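So you can see what is in the structure, the chains are spelled out below.
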Amino acid sequence: MHRCEKIIGRNNSAIIARLKAHSAGRISIKSIKQEVALDLQRIRIVLVATSHPGNIGAAARAMKNMGLASLYLVNPKDYPSGVALGRAASALDILDNAVVVDSLESAILDCGLVIGTSARSRSIPWPVVDPEECAEKLVTASRQNDVALVFGREDRGLSNEELQLCHFHVQIPANENYSSLNVAAAVMVLCYEIRKAALDYSDSETDNPESEAPGKQTDLSELDNGDESLTEFWDQPLSTVEDMERFLEHLEKVLIRLEFHDPEIPRQLMPRLRRLYSRIRPDKMEINILRGILSSTEYQLDKKPKNQD
Ligand code: SAH
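Visitor: So what exactly am I meant to see when it comes to the pairing of strand E1 (residues 43-48) here?
Guide: Looking along a regular strand, one sees the side chains alternate between the two faces of the sheet. Counting buried positions over the six residues of E1 gives six, a clear majority of the element. As paired strands, E1 and strand E6 (residues 147-151) are joined by five bridges and run parallel to one another. Bridged to Arg-44 within E6 is Ala-148. With five bridges joining them, E1 and strand E2 (residues 70-74) adopt parallel strand pairing.

Visitor: I'm lost on helix H4 (residues 53-65) in this one. Help?
Guide: Between its terminal C-alpha atoms H4 stretches 19 Å, which fits the 18 Å expected from 13 residues at 1.5 Å a residue. Counting buried positions over the 13 residues of H4 gives eleven, a clear majority of the element. All of the buried residues in H4 are Pro-53, Asn-55, Ile-56, Gly-57, Ala-58, Ala-59, Ala-60, Arg-61, Ala-62, Met-63 and Lys-64. If you follow the buried residues of H4, they end up packed against E1, E2, helix H5 (82-88), helix H6 (92-96) and helix H10 (183-203). Taken from the residues just after H4, Gly-67 is the one with a positive phi, measuring 90°.

Visitor: What is the right way to read unusual backbone geometry from this model?
Guide: Glycine aside, residues mostly have negative phi angles, and peptide bonds mostly take the trans form. Residue Pro-80 is bonded to the preceding Tyr-79 through a cis peptide linkage, with omega at 0°. For Pro-80, the location among the structural elements is in the loop between E2 and H5. One non-glycine residue with positive phi stands out, namely Arg-281, at about 50°. Relative to the assigned elements, Arg-281 resides in the loop between helix H13 (269-280) and helix H14 (284-303).

Visitor: I would appreciate a short explanation of H13 in the present structure.
Guide: Three or four residues apart is the spacing at which side chains of an α-helix point the same way, because the helix has 3.6 residues per turn. Relative to the 16 Å expected for twelve residues at 1.5 Å per residue, H13 spans 17 Å between its end C-alpha atoms, a close match to the ideal helical length. Of the residues trailing H13, Arg-281 is marked for its positive phi of about 50°.

Visitor: Just checking my understanding: could you explain the packing of helix H12 (residues 241-257) against H13 for this structure?
Guide: For any two helices packed against each other, the geometry is given by the interaxial angle and the distance between the axes. The interhelical angle for the contact between H12 and H13, taken along N-to-C directions, is 135°, at an axis separation of 11 Å. The pairing of H12 with H13 is recorded here as oblique in orientation. Pair H12 / H13 crosses with right-handed handedness. Contact residues: H12 offers Met-244, Leu-248, Leu-251 and Glu-252, while H13 offers Met-270, Leu-273, Arg-274, Tyr-277 and Ser-278.

Calculation notes
- The residue numbering used here restarts from 1 in each chain and proceeds along that chain's sequence as written.
- Reporting in this predicted model follows two pLDDT cut-offs: at least 70 for local features of residues, and 80 or more for side-chain atom pairs to be given and counted; totals over whole chains, interfaces and linings ignore these cut-offs and use all residues.
- For every residue, the other C-beta atoms within 10 Å of its own C-beta are counted; 20 or more classify it as buried, 12 or fewer as exposed, and values in between as partly exposed. C-beta atoms are placed from the backbone.
- Per the convention used, a helix needs a DSSP run of H or I reaching at least four residues, while a strand needs a run of E reaching at least two, with both numbered from the N terminus.
- For two strands to be treated as a pair, DSSP must find at least two bridges joining them.
- Here the expected span of a helix is defined as 1.5 Å times the quantity of residues minus one.
- C-beta atoms are placed from the backbone for every residue, and two residues are taken to be in contact when these atoms lie within 7 Å.
- Here an axis means a line fitted to C-alpha atoms, over the contact stretch when the element is a helix, while the angle between two N-to-C directions is reported on a 0 to 180 degree scale.
- Working definition: roughly parallel below 35 degrees, roughly antiparallel above 145 degrees, roughly perpendicular at 65 to 115 degrees, and oblique for all remaining angles.
- Each crossing is labelled by how the near helix is turned from the far one, with a counterclockwise turn of less than a right angle marking it left-handed and a clockwise turn marking it right-handed.

Following this line, the structure appears as structure tokens:
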């Protein structure tokens, strides 16, 4: 697969139609590049157990202002609601298409990168990024994977278990004496950073007069400007949350059989292993290798005669 196909996805028919229009002399390659850079469809915003429907509407409006479209609502307290519709103003389409689910896990199962927001640091330290790094990571990873940014409850934020499903945590460096923003305001700040990261990428495109020539035959390689900052490619898609959850369940089962792990005295073993693997962010191939090692271990344990003595 060409690097550029990885940017836009192999089956992005809209972009391919644009490339044909470029070949026919109707649009410039620069506008196609900007469209690719500003395509934020694979970045989803997840709101967990929001109590006030007005915050859901305001979050939808902030998303639409910043060019995001995918909203997931986990157990919203009072939804659907006229209050949400009122606060969404012209972002009703975002609410119409919002997906309502009953657990954070189901909202992010297919995501390759998940960043959780937190107004304060938690008991087990987790990799923390600032809002700019958060945006750059999301924009970069969204070229190849669905990705999610997760927001918590108005009163209690995200639980430790929910935060541990995330690869990174992001904290908006607000006033130390009052660091907790309204959830929709936090959505606005971080979506603005995402838009800035995408615009920076789009602005960094150098004009290439040759490729700009209307009517020039072109292909996906025209979209490759060699800029690595937001096009950090990997030869495999990242493992998803679902892959990681199944792997960790398998690992725990094998560690119990090996008597390395005692679920009666768990200490922090599994959260620490979760943090280790989520920091590495294995790709799909790597997670399959790890699963294979676990299966071989189980096979050997099955073969070993019990009560050898
Ligand atoms: N009392 C809660 C605050 C919840 S604020 C707590 O201490 O966690 C509601 C949500 O807004 C948070 O879960 C988070 O998603 C977002 N938020 C508020 N302030 C934030 C900040 N400074 N940085 C990142 N996210 C923030």
